[in-house]
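# Tertiary structure, described
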Amino acid sequence: MMSLCSDRDILKYEPTLFGELYLKNQVVEAGTDGELAGTTFSANGANFVSAQVEAEDCIYLKSADGSLEGVYEIVSIDSATQLCVSVLRAEVESDPIAPPVGTQTTGLTYRISTLRPQIAEADLFFRMFGVTEDIEAGEILNSEEIKQLCVLGTIMVIYYSLAGIDMQNDALWDKAEHYEKMFYKGMERVTIAIDKDGDGVADSVRYGGCGRLIRD
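Residues numbered from 1 in each chain as written. Predicted model: local features only at pLDDT ≥ 70, side-chain atom pairs only at ≥ 80, totals over all residues. Heavy atoms only, no water.

According to the stated counting rule, one finds seven salt bridges in the structure shown. Its salt-bridge partner being E73, residue R8 comes within 2.9 Å of it at the nearest N-O pair. Of the two residues, R8 is situated in helix α1 (residues 7–13) and E73 in strand β4 (residues 69–79); the sequence distance between them amounts to 65 residues. We note a salt bridge from K12 to D9, for which the minimum N-O separation is 3.9 Å. (Salt bridge = Lys/Arg side-chain N within 4 Å of Asp/Glu carboxyl O. Helix = DSSP H or I, 4+ residues; strand = E, 2+ residues; numbered from the N terminus.)

Our focus in this paragraph is the confidence of the model for the chain. The pLDDT averaged across the chain works out to 87; a share of 84% of its residues lies at or above 70. Contacts for the low-pLDDT stretch residues 211–216, under 50 throughout, to residues beyond four places or in other chains number three contacts. (pLDDT = per-residue confidence, 0-100. Contact = heavy atoms within 4.5 Å.)

Under the defined criterion, the tally for this structure stands at six aromatic pairs. Their ring planes at 50° and their centres at 6.5 Å tell us that F41 and F48 sit as a pair that is tilted. When sorted by exposure, F41 lands in the same class as F48, which is buried. Each residue in the set F41, F48 and Y110 is aromatic and connected to the rest through ring pairs, giving one cluster. A cation sits over an aromatic face here: K24 above Y22, 5.1 Å from the ring centre. (Phe/Tyr/Trp six-rings, centres within 6.5 Å; stacked < 30°, edge-to-face > 60°. Buried < 20%, exposed > 50% of the residue type's maximum accessible area, 1.4 Å probe, protein only. Lys NZ or Arg CZ within 6 Å of the ring centre and 35° of its normal.)

Moving on, we come to the pairing of strand β1 (residues 27–37). In this sheet, strand β6 (residues 108–113) lies alongside β1 in antiparallel orientation, the contact comprising five bridges. The residue bridging G31 from the neighbouring strand is Y110, located in β6. Bridge count between β1 and strand β2 (residues 40–43): four bridges; the pairing is antiparallel. Opposite L36, over in β2, you have F41 as the bridge partner. (Pairing = 2+ DSSP bridges.)

The structure is reproduced here in structure tokens:
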């Protein structure tokens, strides 16, 4: 089964998870020789292909003079050293939007960290509905609703992990509990409509508020 959400989807809710609270052990590429020209980001010291960077990942950019700092979505991997990046767009099909460049466009600090391991954990919650590995994301008719739940579940997992590291940080525990409530409330009322034959009509519907009985 394909992942139900991406880093880009999480960026909509919690950009700080790619900024201040990024997971240091999940950085796939980083450096200080970045260059930005419109929507084109390049770094001679990078190898985005071998780092397994993907479209809908996120990149943190910062200039030494402070004129640029933020997290942006990765639209495409154009070569081993070049990416197309954009300000977060409302739709992935929209044209990329160039980050606001300040007085410094070279020598940029960059970092690409991913939350894909936590997304994979959140995907496992949907096994409770019988959503097995042979079901592709495109076969779920109400995929946007399921994507939102996957995002909430992923963020919940991450904040509980962060709170476990910094046990005295009440703000992290509060965030974790907030997303936990949102996630489980959503899981109670969600339905998953699955279309296996591609005719646009659900072949089966799984209900979040109902348990599944399996005959021996």
